[in-house]
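An overview of the molecular structure
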Amino acid sequence: MADAKVIPFDDDRSRGSGGSGGNAARRRGAGSRRKGSAESVPVREVQPLPVRDAAGDDGAATPEPQGSPGARPDDAADGGLERRIAGGLAFLRRRLTGDYEVDDFGYDAELTDQVLMSMLRPVYEKYFRVEVKGVENIPAEGGALIVANHSGTLPLDGLMMQVAVHDHHPADRHLRLLAADLVFVLPVVNELARKLGHTLACAEDAERLLAQGELVGVMPEGFKGIGKPFSERYKLQRFGRGGFVSTALRQGAPIIPCSIVGAEEIYPMIGNAKTLARLLGFPYFPLTPTFPWLGPLGAVPLPTKWTIQFGEPIPTDGYPPEAAEDPMLMFNLTDQVREQIQHTLYKLLVQRRSVFF
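Numbering of residues starts from 1 in each chain and follows the order in which that chain's sequence is written. Restriction of local features to residues with pLDDT of at least 70 applies here, the model being predicted, together with a cutoff of 80 or more for giving and counting side-chain atom pairs; totals for whole chains, interfaces and linings are based on all residues. Think of the side-chain values as coming from all heavy atoms in the structure, minus any hydrogens and water.

Under the annotation held in an unreviewed UniProt entry, the chain carries the name Glycerol acyltransferase and is attributed to Streptomyces mutabilis.

1. Focus on the side chain of Arg173
Basically, it comes down to this: The numbering of helices and of strands both runs from the N terminus, where a helix is a DSSP run of H or I of at least 4 residues and a strand a run of E of at least 2. Each polar contact in these results corresponds to two N or O atoms within 3.5 Å; when the atoms are within protein, one needs to be able to donate a hydrogen and the other to accept it, and residues that are neighboring in sequence are counted only if both atoms are side-chain atoms. Contact between two residues is taken to exist if any of their heavy atoms lie within 4.5 Å; hydrogens are not considered.
Within the element layout of this structure, Arg173 appears in the loop between helix H5 (156-168) and strand E3 (175-179). Only 2.9 Å separates the side chain of Arg173 from the backbone oxygen of Gly142, close enough to count as a polar contact. Discounting residues that sit within four places of it in the chain, Arg173 has contacts with Pro139, Ala140, Glu141, Gly142, Val165, His166, Gly213, Glu214 and Leu215.

2. Notes on the pairing of strand E5 (residues 215-218)
How we decide: Whether a residue is buried, partly exposed or exposed follows from its accessible area with a 1.4 Å probe, protein chains only, as a fraction of its type maximum: under 20%, in between, or over 50%, in that order. By the convention used here, strands pair only if DSSP detects at least 2 bridges between them.
Where burial is concerned, the two faces of E5 agree: the one with Leu215 and Gly217 and the one with Val216 and Val218 are both buried. Both strand E2 (residues 144-148) and E5 contribute to a ladder of 4 bridges, which runs parallel. Bridging across to E5, Ile146 finds its partner in Gly217.

3. Structural notes on the side chain of His150
Here His150 is to be found in the loop between E2 and H5. Of the residues examined, His150 reaches a relative accessible area of 9% and is grouped as buried. One polar contact links His150 to Asp157, side chain to side chain, over a distance of 2.9 Å. Those residues in contact with His150, other than ones at most four positions away along the chain, are Pro155, Asp157, Met219, Glu221, Gly222, Gly225, Ile226 and Lys228.

4. Brief notes about unusual backbone geometry
Along the chain, Phe291 connects to Pro292 via a cis peptide bond; the corresponding omega equals 0°. For Pro292, the location among the structural elements is in the loop between strand E8 (286-287) and strand E9 (307-310). Look at Arg129: it is not a glycine, yet its phi comes out positive at around 50°. By the secondary structure assignment, Arg129 is in the loop between helix H4 (109-127) and strand E1 (131-133). Among the residues examined, Arg129 registers a relative accessible area of 24% and is labelled partly exposed.

Rendered as structure tokens:
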């Protein structure tokens, strides 16, 4: 509720009869005598009465809440609660009746904004306490490709990067992540990923999104990044064949390097049960100091302190159309992006004083 305005009163009015009238009474009463009387009769000094129009007992102005006259201070709060309840009921009605929209990739903007981001935000703000830098390097409109390092055994870094863009970008942009095939074969995870705007990590989907002016996120290290041992933390793995560069060149979209510090320590991977991973169809099966030894409790990530920094964009719109087919150019741009991310990681690690604080 907005602060209520205090109505100022005139100084003379707020003093009541304590102005010139009170001084005159004191002058008359000071040693005056009536003629022919045997003794003097003192005149009682009249004390001023406090003004009680719109003020409290002590004459101080009492702020009135905005709205209708006589409204209680908590009326606006009650109204806000009622509006939230009405909005929640309307949201449920739309979900139950199917009166909502999703795009061709399954992205549900309303569900993401009102539910999924609200679920991820406490983890982002309270658990990992993410600090965001350089968000102004992300363009306010048009397609752009964000390229980030990948780590953490489980791909929580992508989700935190998505919340960072959603909550901190002044233009309220939403990041569409390119995810691995495994994400879309897992039950429940598949549906949630689609609703959040994730799509398959392929050139066709990425180009379509960039052509629509979307902000696209990719982590070229893939499973090599999130599945690397703890001893190789913050050492970037190979970026593949540079497919993300050719995609950006075809659409003339800028490439924005992104460096994430803090994700490497949430699940310190000290071993990999490869045989079990093959049986389960996973690219790796992590062994950490807590998992699987502590059971489900061992799956809780460590509460590390994160920093996400978006670097300066690398433009691609100045290259000719055939540049997307030039392997040497793709190699050079890929190496430039990788080196910029690695350099920023080292700089952030030097600045970091503690893993957890």
